[in-house]
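Given next are the chains, with one letter for each unit.
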Amino acid sequence: MNLSAQDHQTFFTCDTDFLRPSDTVMQKAWRERNPPARIKAAYQALELNNDCATAYVLLAEEEATTIVDAERLFKQALKAGETIYRRSQQCQHQSPQHEAQLRRDTNVLVYIKRRLAMCARKLGRIREAVKIMRDLMKEFPPLTMLNIHENLLESLLELQAYADVQAVLAKYDDISLPKSAAICYTAALLKTRTVSDKFSPETASRRGLSTAEINAVEAIHRAVEFNPHVPKYLLEMKSLILPPEHILKRGDSEAVAYAFFHLQHWKRIEGALNLLQCTWEGTFRMIPYPLEKGHLFYPYPSCTETADRELLPPFHHVSVYPKKEIPFFIHFTAGLCSSTAVIALLTHQFPEIMGVFAKAGKRESPWGPDLPLESSFLLYPRSDDH
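If you look the protein chain up in an unreviewed UniProt entry, it shows as Suppressor of tumorigenicity 7 protein-like from Odocoileus virginianus. The record in UniProt for the protein chain states the following under Sequence similarities (unreviewed entry): "Belongs to the ST7 family." Taken verbatim from the UniProt record of the protein chain, the Subcellular location (unreviewed entry) comment is "Membrane".

In structure tokens, the structure reads:
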């Protein structure tokens, strides 16, 4: 609730809210933690101004019980939001306060249209949803914080418009832009799609990987390095839950959200999950050890587990970054060297006592009872009376 309140205040409020009585009421509503009180405040704002777009947004998200009801309220919000946005555009150059109002009204309008696109997607009107998203990205390209392109990728995958998916990735899968599980794993899925139907581990081990297969494996390794929690959900090695309202990039919460909406797209492509299963664990052999060095991305952050525990429900077993296992012979060699060093140190400091222990543990020589075996670690000569 705190994260949602922060988002709402960032998108839907500004310093000039006191100039509009309805916005003043909504500013209090966004800060309220009690849902019934928030809904009551939204109705109060509508009584003051029937064109209060943010009031309709709150009712659509918190009072509507079905997607159809939410879409109806969002359409009312869109009508009001467009009116306010046009009015703000005309006044934007009058003062800094009017510029702040325009930024806020722009955020509200984009938010409403994105929500309408998601309603259309959920109700099966996928082409309509794609058109709304494309128009949004064309009209408001700077507003990438809403991740509209990720919603567009999922809708295009549902339409199996793989060429269009590739075109979106070409624009947003850039080294200078922030990454996400949706971008990295969708890029891997497209490259996997070209080889997965004919891929066989036995055949690959005999003849080696082709260029296309190497590209697909490298794309999978890249995606797994970005978020190593996703494969277990895609391969159904861990049970899925409903995704949380907020997610953490590279965390378990992002993995849950991605797999929840994209598992069907991996299943639709023959052999894709098989190739993922055969290759994803190889990623951890590519990452230098210790993990702080990273490989293709920045080192995996150690704080994700704590944040994910706050975002995900208590009954969910949070996935953590796989620890690199050290081979047994390294443990054995380290223990042997340590014990030898301790024995040598004790022998140097307490030669008499260690000599007593050595004599007590000596056994009869195989060459005869009169030729005792001497312990190899005693460093002082045997006395004549022994």
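Once you've had a look at it, read on.
(A) Representation of the environment of M133 within the structure. Tracing the backbone shows M133 in helix α7 (residues 126–139). For M133, a relative accessible area of 2% gives the class buried. If near-sequence neighbours (up to four positions away) are discounted, M133 is found in contact with A117, M118, I148, N151, L152 and S155.

(B) Fine view of the nonpolar core. By size, the foremost hydrophobic cluster in this structure holds 93 residues, and its most contacted members are M26, I112, Y185, L234 and W266. Per element, the largest residue contribution to this core is eleven residues, and it comes from helix α6 (residues 96–122). If sequence neighbours within four positions are ignored, W266 has contacts with Y185, L189, L234, Y258, A272, L273 and L276.

(C) Just a nonpolar patch on the surface, in detail. A contiguous nonpolar surface patch, about 360 Å² in accessible area, is contributed by L240, L242, F260 and F261. By the secondary structure assignment, L240 is in the loop between α13 (230–234) and α14 (252–268).

(D) Main features of the packing of α6 against helix α8 (residues 148–158). The contact between α6 and α8 brings their axes to 11 Å, and the two run at 20°. Classed by the angle they form, the pair α6 and α8 counts as roughly parallel. The handedness of the crossing between α6 and α8 is left-handed. On the side of α6, the interface is formed by V110, R114, M118 and R121, while α8 contributes I148, N151, E154, S155 and E158. Of the residues in the contact of α6 with α8, the class split is three nonpolar, two polar and four charged.

(E) Main features of the packing of aromatic side chains. Within the structure shown, the criterion is met by three aromatic pairs. Measuring from ring centre to ring centre gives 6.2 Å for Y85 and F140, while their planes differ by 75°; the resulting arrangement is edge-to-face. Of this pair, Y85 sits in helix α5 (residues 67–91) while F140 sits in the loop between α7 and α8, and the two are 55 residues apart along the sequence. When its relative accessible area of 12% is taken as the criterion, Y85 is described as buried. Aromatic pair Y185 and Y258: ring centres 5.4 Å apart, planes at 35°, arrangement tilted. On the criterion of sequence distance, the pair formed by Y185 in helix α10 (residues 181–193) and Y258 in helix α14 is long-range, its members being 73 residues apart. Judged on exposure class, the residue Y185 and its partner Y258 are both buried. Note that R250 overlies the ring of F226, its terminal NZ or CZ placed 5.3 Å from the centroid.

The rules behind the values
- Counting starts from 1 at the beginning of each chain's written sequence and moves along it residue by residue.
- A pLDDT threshold of at least 70 governs which residues receive local features in this predicted model, and a stricter bar of 80 or more applies before side-chain atom pairs are shown or counted, although totals over entire chains, interfaces and linings include all residues.
- Side-chain calculation: all heavy atoms of the structure are included, whereas hydrogens and water are not.
- UniProt positions are given in the numbering used here, feature names are shortened, and annotations may be inferred rather than shown by experiment.
- Note on conventions: DSSP H or I runs of at least 4 residues are helices, E runs of at least 2 residues are strands, and numbering of each starts at the N terminus.
- Only protein chains enter the area calculation, which uses a 1.4 Å probe; residues under 20% of their type maximum are buried, those over 50% are exposed, and those in between are partly exposed.
- Two residues form a contact once any of their heavy atoms are found within 4.5 Å.
- Here the nonpolar core consists of buried residues drawn from Ala, Val, Leu, Ile, Met, Phe, Trp, Tyr and Cys, with membership extended through side-chain atoms lying within 4.5 Å.
- Patch membership is restricted to residues that have no salt bridge and whose relative accessible area is over 30%. Joining uses 9 Å for like charges and 5 Å for the nonpolar side chains Val, Leu, Ile, Met, Phe, Trp and Tyr.
- Accessible surface is estimated by sampling points in the Shrake-Rupley manner with a 1.4 Å probe; for residues, cover comes only from the protein chains shown.
- Basic side-chain nitrogens of Lys or Arg form a salt bridge, by our definition, when they fall within 4 Å of a carboxyl oxygen of Asp or Glu.
- Inter-axis angles, ranging from 0 to 180 degrees, are taken between N-to-C directions of lines fitted to C-alpha atoms, where helices are fitted over the stretch in contact.
- Should an angle fall under 35 degrees it is called roughly parallel, over 145 degrees roughly antiparallel, and 65 to 115 degrees roughly perpendicular, with every other angle called oblique.
- By definition, turning the near helix anticlockwise from the far helix through less than a right angle yields a left-handed crossing, and turning it clockwise yields a right-handed one.
- Gly falls in the polar group here, along with every residue not listed as nonpolar (Ala, Val, Leu, Ile, Met, Phe, Trp, Tyr, Cys, Pro) or charged (Asp, Glu, Lys, Arg).
- The aromatic pairing rule takes the rings of Phe, Tyr and Trp, using the six-membered ring of Trp, and pairs them if the centres are within 6.5 Å, calling planes under 30 degrees apart stacked, those over 60 edge-to-face and the rest tilted.
- Distance and angle both matter: a charge sits over a ring if NZ of Lys or CZ of Arg is within 6 Å of the ring centre and within 35 degrees of the ring normal.

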